Amino acid sequence: MIYLDNAASTQIHEDVINSMLPFFKEQYGNPSSIHRYGRQSRKAIEKARKQIAQLINAEPSEILITSGGTESNTTVLHGLTSKSSKGKIITSSIEHDAILEPCKKLEKYGVVVEYLPVNDSGIVEPSSLEQKISDDTTLVSIMFANNEIGTIQPISEFAKISHSHQVPFHTDAVQAIGKVPIDVKAMNVDFLSISSHKLNGPKGVGALYIRKGLEIDPVILGGGQEHGLRSGTENVASIVGFGKACEIAKTNLDSNMSKMLSLRDDLIQKVTDEIPEVTVNGDLKSRLPNNAHFTFLGVNGEDLIIKLDEHGIAASTGSACSVNTQKASHVLQAMGFSHEQITGSLRLTIGIFNSQDDIDRTVISLKQIVKELRDVSPFKDKYSF
Ligand SMILES: Cc1ncc(COP(=O)(O)O)c(C=O)c1O
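Anyway, here's the lowdown on the structure attached to this text.

Calculation criteria
Residues numbered from 1 in each chain as written. Predicted model: local features only at pLDDT ≥ 70, side-chain atom pairs only at ≥ 80, totals over all residues. Heavy atoms only, no water. Pairing = 2+ DSSP bridges. Helix = DSSP H or I, 4+ residues; strand = E, 2+ residues; numbered from the N terminus. Axes fitted to C-alpha atoms, helices over the stretch in contact; angles between N-to-C directions. Contact = heavy atoms within 4.5 Å. Left-handed = near helix turned anticlockwise from the far one by under 90°. Nonpolar A, V, L, I, M, F, W, Y, C, P; charged D, E, K, R; others polar. Salt bridge = Lys/Arg side-chain N within 4 Å of Asp/Glu carboxyl O. Buried < 20%, exposed > 50% of the residue type's maximum accessible area, 1.4 Å probe, protein only.

Structural notes on the sheet that holds strand β10 (residues 291–296)
- Sheet architecture is open: three strands sit in the order β9-β10-β12, paired in antiparallel fashion. Among the strands making up the open sheet, the edge pair consists of β9 (278–280) and β12 (345–349). Recorded for the sheet is a direction-independent mean angle of 25 degrees between the axes of neighbouring strands.
- The sheet contact formed by β10 and β12 spans five bridges and is antiparallel. By the bridge assignment, H293 is partnered in β12 with R347.

Re the sheet that holds strand β7 (residues 191–195)
- An order of β2-β8-β7-β6-β5-β3-β4 is seen for the seven strands of this open sheet, with the pairing classed as mixed. Whereas interior strands pair on both sides, the edge strands pair on one side only; in this sheet they are β2 (63–66) and β4 (112–116). Looking at each pair of strands side by side, their axes are set apart by 20 degrees on average, direction ignored.
- Two strands pair when backbone bridges link them, and strand β5 (residues 137–141) and strand β6 (residues 169–172) are joined in this way by two bridges, in the parallel orientation. Bridging across to β6, S141 finds its partner in H170.
- Most of the contacts of helix α6 (residues 155–164) go to β6, to which it runs at about 155 degrees, and overall it touches β5 and β6.

Structural notes on the packing of helix α2 (residues 36–55) against helix α8 (residues 236–274)
- One can describe the packing of α2 onto α8 by two numbers: an axis separation of 8 Å at closest approach and a directional angle of 30 degrees. The two elements α2 and α8 cross, and the hand of that crossing is left-handed. Here S41, A44, I45, A48, Q51, I52, Q54 and L55 of α2 lie close against α8, whose contacting residues are V236, I239, V240, F242, G243, K244, C246, E247, A249 and K250.
- Of the residues in the contact of α2 with α8, the class split is 11 nonpolar, four polar and three charged.

Re the pattern of salt bridges
- Under the definition given, this model contains 17 salt bridges.
- Among the ionic pairs, E46 bridges to R42, the shortest N-O distance being 3.5 Å. Placement of the pair is E46 and R42 together in helix α2, with a separation of four residues, close to one helical turn.
- By relative accessible area, E46 is classed as partly exposed at 33%.
- Note that K104 is salt-bridged to E101, the shortest N-O span being 2.8 Å. Pair noted here: K104 and E101 are both in helix α4 (residues 97–108), with a separation of three residues, about one helical turn.
- Residue K104 is classed as partly exposed on the basis of its relative accessible area, which comes to 45%.
- The structure contains a network of salt bridges with shared partners spanning R42, E46, R49, E226 and E234.

Spelled out as structure tokens, the structure:
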């Protein structure tokens with residue numbers, strides 16, 4: 001199999017698995033226990049917190065460990081809104097559902113939510129934030145990198161505009177972590193969500209960076225773990241694995257980035273050279289190094305995924321983190337794509353374990369499959385393929 005769906009999830013690194021194993025076997029103590037089993041688990045969590053913090057240039061005390069990107073986003077959206085008497089959130093129209101759905105719920109409670117548009121390259125213009133931000137804004141939340149088209153947003157500029165109005169700024173960096181450098185201090189963000197399974201760590205664990213001095217209301221209440229911000233016995237093995245994944249990602253960031261970029265650019269070049277009537281979607285410069293997103297006119301993306309799977313290639317039409325995959329992409333809709341363009345879309349996302357051979361074999365399969373599907377397409381007469 002060739003796995004090109006790394007935006008959905010990634011293969012766990014062997015060293016990450018090995019780091020986790022003792023916590024399933026001998027070191028099973030509850031980190032809140034006073035005895036040595038408990039102390040071992042507590043120590044392991046604090047080591048992981050440090051490894052997570054180091055990847056984004058934060059202090060360990062600024063890291064709240066959660067169950068993943070979804071919980072981190074909900075924690076900041078609900079945690080800040082219930083604390084504030086002000087009532088407006090500004091976000092973008094291309095966020096992941098892990099932002100859009102909690103926003104919809106908050107709207108039902110009377111919170112006003114503004115959705116900033118994107119240009120046709122999938123970038124949110126900072127001027128649109130300038131226009132919407134006002135004294136009653138509680139939070140600005142704009143994603144670091146988009147999960148479908150991989151576009152990277154001008155995060156530092158959004159943080160600057162937000163702060164000039166004394167409004168905190170959050171970014172969902174789930175797709176960016178481990179793919180590009182993230183420095184919370186240099187970017188001056190207040191809150192940042194990350195997830196372990198996007199950087200070769202285990203699923204069901206992530207973190208929310210909370211800048212020192214800022215407060216949120218806890219969403220999950222109980223035994224007071226994570227300084228009262230997220231109760232519940234810690235998932236020690238997964239937290240340890242997440243920490244290890246962050247350490248490995250930090251060590252290899254530069255080499256991983258250049259490897260993914262070179263494979264991705266080669267893939268885009270070959271696909272656009274060898275297949276007619278194909279477009280590459282989203283800004284090509286301000287973009288994650290591992291994301292290639294295409295539209296093949298006259299082809300149904302889901303048929304393409306099934307055929308690619310038959311050829312041993314795992315791909316996606318867009319967001320696999322949404323249970324309802326039949327839904328037309330709100331990201332491409334926001335970019336002004338027609339129904340036909342959205343239908344013909346394919347996302348290929350490269351990971352650290354992919355090789356040049358994977359790319360070459362994918363191009364050969366893709367060329368053959370697109371031709372086969374177009375030969376039976378109802379749109380056949382409309383195009384020159
Ligand atoms: C941008 C973005 N935010 C949030 C999430 C949800 O993260 P998790 O699966 O860790 O809950 C995803 C998952 O793909 C994502 O791509």
